[in-house]
Amino acid sequence: MTEPTRHSAVEETAEEIATMEIRGAATIASAAAEALADQAEAAAAADATASDPEAFRASLRTAGRTLRETRPTAVSLPNALRYVLQRMEGETVDALRRSVVDASDAFVRQLDRAQEDLGEVGANRLADGDTVMTHCHSTDALACVEAAVEQGKSISAVVKETRPRQQGHITAEALREMGVPVTLIVDSAARRYLDEVDHVVVGADSIAADGGVINKIGTSGLAVNARERGVPIMTAAQTIKLHPETLTGHTVEIEMRSEEEVVEPGTREAIGEIAVENPAFDVTPPRYMDAIVTEHGQFPPESIVALMRELFGEGATEPWAEQ
Ligand code: RUB
């Protein structure tokens, strides 16, 4: 069999995901689906794969593995790859190419629609005059605020900076564009400002079968503080954030990132011999989360497993695996 070609668009997207130029679970998923469509077009045009259906399939699986290896925690990435690669079918390269491009387009359209739909559900939890607190940058969480604003509600926001990568700055800018007044705070000020907010709204990278919410590091501490302060907290998450492997007992891998995101090498050296750790995500146990808001409505975290079974069956396949 001919050696599969790998289109540079896949390499580029993989690099951008790994370096977080492309970041956030939904954005990563749509970029991955689009990269597979690019790969399908490239493989259908390349000498080595243009007339060999098996080489074409192999090149798509290789692209899937390259994309899968970029970041481990957001399940939207493998779910996107699954969606597209499971729909790759046909006897000829042209039919295969069309099936991949169509599946990729359908996936991205569904993603946009799901975000709009869950935004409506989340917005119903917010009242006119509410202040929300955000953590990190979640397009699903922002969809809830945006829908509330579109319903005519006046919403303001307290935005956590979110160390070390300061995704709170992106959130602050997006909220300002919606006309939402923003107060930016450092992460450690969150408990103090919880007294002034009506809702905490966060996103998710993965949701486990037991209702545990895996999101940006600091979410679990925020949730515990919100419970202690009596402030409701919701996770806004499309169903592509449901982690099918947790149905069979697997845990979600928490990405450990470079220590240089936490402390510059020079400063670190000046401090002396220390260890530095930089986990990118944490797990909020279901008892600290009031609701998971999806495009299928809102769920108490403990009941999310029913939806997960309905959508993913009893487990997960790996259609990118080498054959
Ligand atoms: C992003 C993050 C976001 C979720 C949800 O982490 O934790 O809350 O991915 O985002 P990172 P969305 O910046 O490390 O990728 O709702 O946009 O899918």
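Report on the accompanying structure. (Residues numbered from 1 in each chain as written. Predicted model: local features only at pLDDT ≥ 70, side-chain atom pairs only at ≥ 80, totals over all residues. Heavy atoms only, no water.)

**Some remarks on the pairing of strand β9 (residues 291–294)**
Let me state the cut-off plainly: Partly exposed residues are those whose accessible area sits between 20% and 50% of the maximum for their type, while under 20% is buried and over 50% is exposed, using a 1.4 Å probe and protein chains only. Where helices and strands are cited, they refer to DSSP runs of H or I of at least four residues and of E of at least two residues respectively, numbered from the N terminus. For two strands to be treated as a pair, DSSP must find no fewer than two bridges joining them.
Of the two faces of β9, the one carrying Ala-291 and Val-293 and the one carrying Ile-292 and Thr-294 are both buried. Two strands pair when backbone bridges link them, and strand β7 (residues 233–236) and β9 are joined in this way by three bridges, in the parallel orientation. Across the sheet, Met-234 pairs through a bridge with Ala-291, a residue of β9. Inspection of the sheet shows β9 paired to strand β10 (residues 297–299) by three bridges, in the antiparallel sense. Residue pairing across strands places Ile-292 opposite Phe-299, the latter belonging to β10. The turn linking β9 back onto β10 is made up of two residues.

**Some remarks on the state of the cysteines**
Formally: Put simply, a disulfide is two cysteine sulfurs that come within 2.5 Å.
Inspection of the entire model under this criterion finds zero disulfides. The thiol sulfur of Cys-136 is not disulfide-bonded, and the nearest other cysteine sulfur, from Cys-144, lies at 15 Å. On the basis of relative accessible area, Cys-144 is assigned to the buried category, the value being 0%.

**Comments concerning the site of the ligand**
So the rule is basically this: We call a residue near a molecule or strand when any one of its heavy atoms sits within 4 Å of it. We call two N or O atoms a polar contact when they sit within 3.5 Å, provided that within protein one can donate a hydrogen and the other can accept it, with sequence-adjacent residues counted only if both atoms are side-chain atoms. Under the convention used here, a 1.4 Å probe and the Shrake-Rupley method define accessible areas, while residue burial counts only the protein chains that appear. Put simply, Ala, Val, Leu, Ile, Met, Phe, Trp, Tyr, Cys and Pro go in the nonpolar bin, Asp, Glu, Lys and Arg in the charged bin, and everything else, Gly too, in the polar bin. An automatic or database domain assignment is the source of the domain bounds shown.
Near the ligand lie 18 residues; those nearest to it are Arg-23, Ser-138, Thr-139, Asn-215 and Lys-216. Separating an oxygen atom of the ligand from a backbone N or O atom of Ala-26 is a distance of 2.7 Å. Within the contact set of the ligand, an oxygen atom lies 2.7 Å away from a side-chain nitrogen or oxygen of Asn-215. The protein chains hide 100% of the 460 Å² of surface that the ligand would expose on its own. Mapped by element, the contributors of at least two residues to the shell around the ligand are α2 (25–45), α6 (139–150) and β6 (213–216). Among the residues forming the shell around the ligand, the class breakdown is six nonpolar, six polar and six charged. Mapping the shell around the ligand onto the domain boundaries places at least three of its residues in each of domain 1 (8–117) and domain 2 (124–312).

**Concerning the sheet that holds β7**
This is how the line gets drawn: Comment: axis = line fitted to C-alpha atoms, over the contacting stretch for helices; angle = value between 0 and 180 degrees taken between N-to-C directions.
Read across the open sheet, the seven strands follow the order β3-β2-β1-β4-β7-β9-β10; overall the sheet is mixed. Edge positions in the open sheet fall to β3 (182–185) and β10, since each of these has one partner strand only. The sheet shows a mean angle of 25 degrees between the axes of neighbouring strands, taken without regard to direction. Sheet topology note: the strand β4 (residues 199–202)/β7 ladder contains three bridges and is parallel.

**So, the nonpolar core**
Put simply, the test is: Buried Ala, Val, Leu, Ile, Met, Phe, Trp, Tyr and Cys residues form a nonpolar core when they are joined through side-chain atoms within 4.5 Å. Residue contacts follow a heavy-atom distance rule, with two residues in contact if any of their heavy atoms lie within 4.5 Å.
Judged by nonpolar contacts, the single largest core of 36 residues is most densely connected at Leu-36, Phe-56, Leu-60, Leu-67, Val-100 and Phe-107. Listed by contribution, the elements that provide at least two residues to this core are α1 (8–18), α2, α3 (53–68), α4 (76–86) and α5 (93–124). Element by element, the count of residues in this core is highest for α2, at 10 residues. Look past the residues within four positions of Val-100 in its chain and what remains in contact with it is Leu-36, Ala-37, Ala-40, Phe-56, Leu-60, Val-84 and Met-88. Formed by 27 residues, the second largest nonpolar core is a distinct cluster that contains Ile-185, Leu-194, Ile-292 and Leu-307.

**Observations concerning the packing of aromatic side chains**
For clarity, the cut-off: Centres within 6.5 Å make a pair out of two Phe, Tyr or Trp rings, where for Trp the six-membered ring is used; the pair is then stacked when the planes are under 30 degrees apart, edge-to-face when over 60, and tilted otherwise. Only when the NZ atom of a Lys or the CZ atom of an Arg is both within 6 Å of the ring centre and within 35 degrees of the ring normal do we say a charge sits over the ring.
One pass over the structure, following the stated rule, counts one aromatic pair. We note Lys-216 situated over the ring of Phe-281; from NZ or CZ to the ring centre the distance is 4.3 Å.

**A word on the sheet that holds β6**
Strand order in the open sheet formed by three strands is β5-β6-β8, and the pairing between neighbours is antiparallel. Every other strand in the sheet has two partners, leaving β5 (206–207) and β8 (281–284) as the edge strands with one partner each. Of the strand pairs in this sheet, β6 and β8 are connected by four bridges, and their pairing is antiparallel. Bridge assignment links Ile-214 to a residue of β8, and that residue is Val-283.

**Examining helix α11 (residues 304–312)**
Structural remark: α-helix, 3.6 residues per turn; residues separated by three or four positions point the same way. This is how it is decided: Taking the helix axis as origin, the arc is that swept by the directions to the C-beta atoms.
The set of residues buried in α11 consists of Ile-304, Leu-307 and Met-308. Along the long axis of α11, the arc covered by the buried residues comes to 100 degrees, so they all point the same way. When the buried face of α11 is taken as reference, the exposed residues oriented beyond 90 degrees from it are Ala-306 and Glu-310. Immediately beyond the C-terminal end of α11, within one or two residues, lies Gly-313, with a positive phi of roughly 70 degrees.

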